Amino acid sequence: MITLGKDEVLEDLQRDNFFIIQNHKEYCFSSDSVLLSDFAKVDSTDKVVEFCSGCGVISILLFVKYGAKDITGFEVQEELCNMSKKSLEYNNIDSIKFLNKDLKSAPSYYKNDKVDVVVCNPPYYKLPRNYSNISRKNLIAKYELNITLNDILRSASSILKDKGKFYIVYTSTRLQELLKFANDNNLICKTLQFVYPKFKNSSTVVLGCFIKNANKGVDIIKPLYI
């Protein structure tokens, strides 16, 4: 039996009776994480890595959807990492592990091995000029305080097998940077899906699938309206 910490709550994922622990005063996963878990394609035998794993919802949803037997999450915030481990315990999942490590350490962690899939819902924004009034936890979760977009793509490329897949959800406003850094790291964009809020004409986020050392050519699939 797990013990919930202060302000932690147990929430139904509405999928096969699996639950997730969240802290509504500190961090809650967004719909973007759910969109990414639905967009990513994973085989049950794939070795999967999640960067910026947060409370662990993407990894758990990939396990539920695909039965992936080998998933590792990297999360730099110890409190979130511990919370995600409790969700694994509650759901009796033993094929996922969460590491309290900076994702920039992934290349050395997988020095003698390569993975099939990397997924990431990263911080979207560059640091504002004045961020003294923003909590450190929010800075890490939403802004490029500890890592940059290029750090993420470099680490993903380093640990992926040839033709391995990288899935990301990212702010549409920085799509040009995403594509540039991906190309710089031999991650070729193969699929893009733009997400629009209902009754809005501008996309807020984009879902992307990149393949290491693939041939060029991208498929823009039907947008989502949420």
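This text follows the structure it describes.
This write-up is about the structure you can find in this document. (Residues numbered from 1 in each chain as written. Predicted model: local features only at pLDDT ≥ 70, side-chain atom pairs only at ≥ 80, totals over all residues. Heavy atoms only, no water.)

Right, let's get into the state of the cysteines. In this structure the tally under the stated criterion is 0 disulfides. With no disulfide of its own, Cys 81 lies closest to Cys 55 among cysteine sulfurs, the gap being 12 Å. A residue is classified by how much of its surface remains accessible, and Cys 81, at 0% relative accessible area, is buried. Free cysteine Cys 120: the closest other cysteine sulfur is in Cys 52, separated by 3.9 Å. (Disulfide = S-S within 2.5 Å. Buried < 20%, exposed > 50% of the residue type's maximum accessible area, 1.4 Å probe, protein only.)

Each pair of packed helices gets described by two things: the angle between the helix axes and the distance between those axes. Packing of helix H6 (residues 149–159) against helix H7 (residues 175–184) brings their axes to within 9 Å, and their N-to-C directions diverge by 35°. Of the two elements, H6 crosses H7, and the hand of that crossing is right-handed. Contacts between H6 and H7 pair Leu 149, Asn 150 and Leu 153 from the former with Glu 177, Leu 178, Phe 181 and Ala 182 from the latter. Residue composition of the contact of H6 with H7, grouped by class: 5 nonpolar, 1 polar and 1 charged. (Axes fitted to C-alpha atoms, helices over the stretch in contact; angles between N-to-C directions. Helix = DSSP H or I, 4+ residues; strand = E, 2+ residues; numbered from the N terminus. Left-handed = near helix turned anticlockwise from the far one by under 90°. Contact = heavy atoms within 4.5 Å. Nonpolar A, V, L, I, M, F, W, Y, C, P; charged D, E, K, R; others polar.)

For the structure shown, the criterion picks out 12 aromatic pairs. Geometrically, the ring pair formed by Phe 166 and Phe 210 is tilted, given 6.2 Å between the ring centres and 50° between the ring planes. Of this pair, Phe 166 sits in strand E7 (residues 160–171) while Phe 210 sits in strand E9 (residues 205–212), and the two are 44 residues apart along the sequence. On the accessibility criterion, Phe 166 (0% relative accessible area) is buried. For Phe 210, a relative accessible area of 0% puts it in the buried group. An aromatic cluster of three or more residues is present, and its members are Phe 51, Phe 74, Tyr 109 and Tyr 110. Geometry around Phe 39 places Lys 41 over its ring, the cationic atom sitting 5.9 Å from the centre. (Phe/Tyr/Trp six-rings, centres within 6.5 Å; stacked < 30°, edge-to-face > 60°. Lys NZ or Arg CZ within 6 Å of the ring centre and 35° of its normal.)

What follows deals with the nonpolar core. Formed by 71 residues in total, the largest nonpolar core has its most connected members in Phe 51, Val 118 and Phe 166. Ignoring anything within four residues of it in the chain, the contact list for Phe 51 reads Phe 74, Leu 103, Ala 106, Val 118, Val 119, Cys 120, Asn 121, Ile 152, Ser 155, Ala 156 and Ile 159. (Core = buried A, V, L, I, M, F, W, Y, C linked by side-chain atoms within 4.5 Å.)

Three or more residues of helix H1 (residues 31–39) are buried, namely Asp 32, Ser 33, Leu 35, Leu 36, Ser 37 and Phe 39. Of the surrounding secondary structure, the elements contacted by the buried residues of H1 are helix H2 (57–66), strand E6 (115–120), E7, strand E8 (187–196), E9 and strand E11 (224–225).

This part takes up the pairing of E8. Regular strands place side chains that alternate from one sheet face to the opposite one. Most of E8 is tucked away: 9 of the 10 residues are buried. Here 8 bridges tie E8 to E9, and the two strands are oriented antiparallel to one another. When the bridges of E9 are listed, Phe 194 appears paired with Val 206. Pairing of E8 with strand E10 (residues 219–220) involves 2 bridges; the strand directions are parallel. By the bridge assignment, Leu 192 is partnered in E10 with Ile 220. (Pairing = 2+ DSSP bridges.)

Looking now at the side chain of Arg 174. Topologically, Arg 174 is positioned in the loop between E7 and H7. In this structure Arg 174 comes out as buried when scored by relative accessible area, which is 8%. Separated by 3.2 Å, the side chains of Arg 174 and Glu 144 make a polar contact. With near-sequence residues (within four places) excluded, Arg 174 lies in contact with Tyr 124, Tyr 125, Lys 126 and Glu 144. (Polar contact = N/O pair within 3.5 Å; in protein donor to acceptor, adjacent residues only side chain to side chain.)

Before going further, it helps to examine the pattern of salt bridges. Within the structure shown, the criterion is met by 13 salt bridges. Between Glu 8 and Lys 86 there is a salt bridge, with its nearest N and O atoms 2.6 Å apart. One end of the pair, Glu 8, is in strand E1 (residues 8–12); the other, Lys 86, is in helix H3 (residues 78–91), with 78 residues separating them in the sequence. The shortest N-O distance in the salt bridge between Lys 180 and Asp 184 comes to 2.7 Å. Taken together, the residues Lys 180 and Asp 184, both in helix H7 and 4 residues apart, mark about one turn of the helix. (Salt bridge = Lys/Arg side-chain N within 4 Å of Asp/Glu carboxyl O.)

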